[in-house]
Amino acid sequence: MKSTVTIGRSSHCDIIIPHDSISREHARISVVGGRYVYEDVGKNGSVIGGRIIHGERITIAPGAEVPLAGKV
């Protein structure tokens, strides 16, 4: 199993979301020490738990909803 999944508009990403508000490489989700870590790597930022993050890594709970392009 892959330990990091990439999300973005690029065909090189593992999860492709073709939307203008999604960066080519928008985010990465990794398993680190048994925890899920969401890392914003795009220029558009991400909203996690109602908070806007830019270039940050944040631990998320299994099953957490992460809205992308304004949708869950």
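Predicted model, so just to flag it, every value in this text is computed and none were measured. (Residues numbered from 1 in each chain as written. Predicted model: local features only at pLDDT ≥ 70, side-chain atom pairs only at ≥ 80, totals over all residues. Heavy atoms only, no water.)

In this structure, Pro-62 sits in the segment after strand S7 (57-60). In sequence terms Pro-62 and Tyr-36 are 26 residues apart; their C-alpha atoms lie 7.0 Å from each other. (Helix = DSSP H or I, 4+ residues; strand = E, 2+ residues; numbered from the N terminus.)

Tallied over the full model, the rule gives three salt bridges. For the salt bridge of Arg-28 with Glu-25, the shortest nitrogen-to-oxygen distance reads 2.8 Å. The class of Glu-25 is partly exposed, set by a relative accessible area of 31%. A salt bridge links Arg-51 to Glu-56; the nearest nitrogen and oxygen atoms lie 2.5 Å apart. (Salt bridge = Lys/Arg side-chain N within 4 Å of Asp/Glu carboxyl O. Buried < 20%, exposed > 50% of the residue type's maximum accessible area, 1.4 Å probe, protein only.)

Below, the discussion takes up the pairing of strand S1 (residues 4-8). The sheet contact formed by S1 and strand S3 (residues 27-32) spans four bridges and is antiparallel. Within S3, the residue paired with Thr-4 across the bridge is Ser-30. In the sheet, S1 pairs with strand S2 (residues 15-16) via two bridges, with the strands oriented parallel. Across the sheet, Ile-7 pairs through a bridge with Ile-15, a residue of S2. (Pairing = 2+ DSSP bridges.)

In the sheet, S3 pairs with strand S4 (residues 35-40) via six bridges, with the strands oriented antiparallel. Across the sheet, residue Ser-30 finds its bridge partner in S4, namely Val-37. Between the antiparallel neighbours S3 and S4 lie two residues, among them Gly-33 with a positive phi of about 60°.

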